[in-house]
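This is what each chain is made of:
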Amino acid sequence: MSENTTTYTVGNRTFVLDKEKADAAIAAKAVINGRDTMFFNILPLKYQWAYDLYKTMKNNHWEPEDIQMQTDIQQWQGNDISDVERWIIKMGIGYFSAAEGIVGDNILHVVRELVTAPELKLVLGRHAHEENIHADSLVYMISSLGINPHECEAMFEDIPTIKAKNNFVVSNSRALRRDVDLTVLENKQALAKNIFMFGQVMEGTQFYGLFGMILSLYRQNKFPGIGQMFRYTLRDESNHIEVFRNLLNTLITENPDIWTKEFQQDLRDTMAEGVRLEKEFIRDCLPVSAVGLSCEEFEQYIDYISDRRLVNCRLEPLIGGVENPFPWLSESMDLKKEQNFFEGKVTEYQKASALAGADDDEL
Ligand SMILES: [Fe+2]
Ligand SMILES: [Fe+2]
């Protein structure tokens, strides 16, 4: 190799690039305000984590139709399931039908538009695609069980605590659309806040109330197909939380002016507001006692999760020292621990090299 070339390794492939050009390309890559080009020049890679997560996410691919719904249909039509349990399923489908769309829209119209490095756009494209899979899995649940979709829609439109949860994130996303000038500090902070809000507050915390409810039913062998789809969704969400956390941390490393004391406090206040809305939603809407849990423990679980999100973003926790009241819930979210889980058709998507499931850290 001559002095003028340099070697890059991506997975098991090696590339020899002109050193000067490669150095210039790396120097021009940035989370924001980097070189804006139509050419999708992933090489040379600057953000290895983004490329690695893209691969992990792609290897976790699943299709709703591969999940058996026979037992779910029998249970739905039979007498062993209570009306409250049916209501929890409809609430889960109703809330996530709206939420998946909101998250996907924010990725495509805000975050993926504003970042400039191609490998970041790559992983965000996959992230948006996974929100489509999640939305499609809800269609599959509705059609398998014969639920009227308008009933689920009504959940989203008529229930004030769900509306409040959604307005909280949508107003932030609308305020920040593609043409914003990211050389202005105020706008950089608005983007950083958007990334924190969607990744850590919404996907990272506000999804977990209903996830907990549905996995509690799953634990009692109720709606195994739906439970399995939610477990796949949760594995995906844990990667989404990581994508957005890495994005936030890298953005701040490259733009340390964002990270003022006031801004850090603003993010903590945003999390506190998200937690308040989630607890209100739990108290108003989730019949936790129907799945054998207590409301206090459920709220403690939200405190536990939200503090972890903050600490992982180098922020002070809201409470600190909160214990996880539901270790079984983390366990049932962890696909790695269940040996036989990948048996069946879904395995075909899963390459042996990528059997690593959700990162324990996210659960
Ligand atoms: Fe999702
Ligand atoms: Fe997500």
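Note that the structure is predicted; figures quoted are calculated from it, not measured.

What about the coordination of the iron ion (ligand 1)?
- Every protein donor of the iron ion (ligand 1) is accounted for by Glu100 (OE), Glu131 (OE), His134 (ND1) and Glu237 (OE), and the metal-donor separations fall at 2.1 to 2.2 Å.
- Considering all four donor atoms around the iron ion (ligand 1), the spread of angles at the metal, 72 to 144 degrees, places the coordination shape in the irregular class.
- All donor residues of the iron ion (ligand 1) come from one chain, and their arrangement in sequence is E-x30-E-x2-H-x102-E.

Focus on the UniProt feature "binding site: Fe cation 2" (unreviewed entry) in the chain
- The UniProt feature table records "binding site: Fe cation 2" (unreviewed entry) at Glu131, Glu203, Glu237 and His240. These annotated residues cover 110 residues of sequence, but their C-alpha atoms sit close together, with the largest distance between any two at 11.1 Å.
- Position of Glu203 relative to the elements: it lies in helix α8 (residues 185-206).
- Taking the relative accessible area as the measure of exposure, Glu203 reaches 0% and is therefore buried.
- Beyond its immediate sequence surroundings of up to four residues, Glu203 is in contact with Val103, His127, Glu131, Phe198, Tyr208, Glu237, His240 and Ile241.
- At 3.5 Å, the side chain of Glu203 forms a polar contact with the side chain of His127.
- The residue Glu237 is located in helix α10 (residues 224-254) in this model.
- Taking relative accessible area as the criterion, Glu237 reaches 0% and is therefore assigned buried.

Regarding the packing of aromatic side chains
- Counting across every chain of the model gives 18 aromatic pairs.
- Put simply, the rings of Tyr95, Phe96, Phe207, Tyr208, Phe211, Phe230 and Phe281 pair up and form one aromatic cluster.
- The ring of Tyr95 has Lys165 sitting right over it, with the charged end atom 3.9 Å from the ring centre.
- The residue whose ring lies beneath Arg309 is Tyr208, and the NZ or CZ to ring-centre distance is 5.4 Å.

Some words on the coordination of the iron ion (ligand 2)
- Here the iron ion (ligand 2) is held by the protein donor atoms Glu131 (OE), Glu203 (OE), Glu237 (OE) and His240 (ND1), which lie 1.7 to 2.1 Å from it.
- Here the iron ion (ligand 2) binds four donor atoms, and the angle range of 89 to 164 degrees at the metal identifies the geometry as irregular.
- In this model, the iron ion (ligand 2) sits 3.3 Å from the iron ion (ligand 1), the two metals being bridged by Glu131. Taken together, the residues Glu203 in helix α8 and His240 in helix α10 connect sequence positions 37 residues apart.

Focus: the environment of Phe40
- With respect to the helices and strands, the residue Phe40 is situated in the loop between α1 (19-28) and α2 (48-59).
- Take Phe40: its relative accessible area is 38%, and that puts it in the partly exposed class.
- Along the primary structure Phe40 and Pro118 are separated by 78 residues, whereas in three dimensions their C-alpha atoms are 5.6 Å apart.
- Leave out the neighbours within four places in its chain, and Phe40 touches Arg112, Pro118, Lys121 and Leu122.

Comments concerning the environment of Glu316
- One can find Glu316 in the loop between α12 (295-312) and α13 (327-333).
- When neighbours within four sequence positions are excluded, Glu316 is seen to be in contact with Arg268 and Leu310.

With respect to the pairing of strand β2 (residues 13-18)
- Where strand β1 (residues 5-10) and β2 come together, six bridges link them in antiparallel fashion. Each residue of the ladder has a partner; that of Tyr8, found in β2, is Phe15.
- Between β1 and β2, which pair antiparallel one after the other, the connecting turn spans two residues, and Gly11 there sits at a positive phi close to 60 degrees.

What to know about the pattern of salt bridges
- Tallying each qualifying case throughout the model produces 13 salt bridges.
- Note that Arg86 and Asp83 form a salt bridge whose closest N and O atoms lie 3.4 Å from each other. Separated by three residues within a single helix, Arg86 and Asp83 lie in helix α4 (residues 83-114), roughly one turn from each other.
- Assessed through its relative accessible area of 16%, Arg86 is described here as buried.
- Between Lys279 and Asp303 there is a salt bridge; the shortest N-O distance is 2.9 Å. Residue Lys279 is located in helix α11 (residues 261-285), and its partner Asp303 is located in helix α12; the two are separated by 24 residues in the primary sequence. For the pair Lys279 and Asp303, one class covers both residues: buried.

Structural notes on the packing of α4 against helix α6 (residues 149-158)
- Contact geometry of α4 with α6 gives a least axis separation of 8 Å together with a crossing angle of 70 degrees. It follows that α4 is roughly perpendicular to α6 by the angle criterion. In terms of crossing hand, the pair formed by α4 and α6 is right-handed. For the pair α4 and α6, contact is made by Trp87, Lys90, Met91, Ile93, Gly94 and Ala98 and by Glu151, Cys152, Met155 and Phe156, respectively.
- Residues that form the contact of α4 with α6 fall into these classes: seven nonpolar, one polar and two charged.

A closer look at the packing of α8 against α10
- In contact at an axis separation of 9 Å, α8 and α10 are set at 155 degrees when each is read in the N-to-C sense. By the angle between their directions, the pair α8 and α10 is classed as roughly antiparallel. Pair α8 / α10 crosses with left-handed handedness. Contacts between α8 and α10 involve Leu191, Ala192, Ile195, Phe196, Phe198, Gly199, Gln200, Glu203 and Gly204 on the former and, on the latter, Glu237, His240, Ile241, Phe244, Arg245, Leu247, Leu248 and Leu251.
- Grouping the constituent residues of the contact of α8 with α10 by class yields 10 nonpolar, four polar and three charged.

So, how was this worked out
Residues numbered from 1 in each chain as written. Chains lettered and ligands numbered in written order. Predicted model: local features only at pLDDT ≥ 70, side-chain atom pairs only at ≥ 80, totals over all residues. Heavy atoms only, no water. Donors = N, O, S within 2.8 Å, 3.2 Å for Na, K, Ca; no water. Tetrahedral: all angles 85-135°; square planar, octahedral: opposite > 155°, others 65-115°. UniProt positions renumbered as here; feature names shortened; annotations may be inferred. Helix = DSSP H or I, 4+ residues; strand = E, 2+ residues; numbered from the N terminus. Buried < 20%, exposed > 50% of the residue type's maximum accessible area, 1.4 Å probe, protein only. Contact = heavy atoms within 4.5 Å. Polar contact = N/O pair within 3.5 Å; in protein donor to acceptor, adjacent residues only side chain to side chain. Phe/Tyr/Trp six-rings, centres within 6.5 Å; stacked < 30°, edge-to-face > 60°. Lys NZ or Arg CZ within 6 Å of the ring centre and 35° of its normal. Pairing = 2+ DSSP bridges. Salt bridge = Lys/Arg side-chain N within 4 Å of Asp/Glu carboxyl O. Axes fitted to C-alpha atoms, helices over the stretch in contact; angles between N-to-C directions. Parallel < 35°, antiparallel > 145°, perpendicular 65-115°, else oblique. Left-handed = near helix turned anticlockwise from the far one by under 90°. Nonpolar A, V, L, I, M, F, W, Y, C, P; charged D, E, K, R; others polar.

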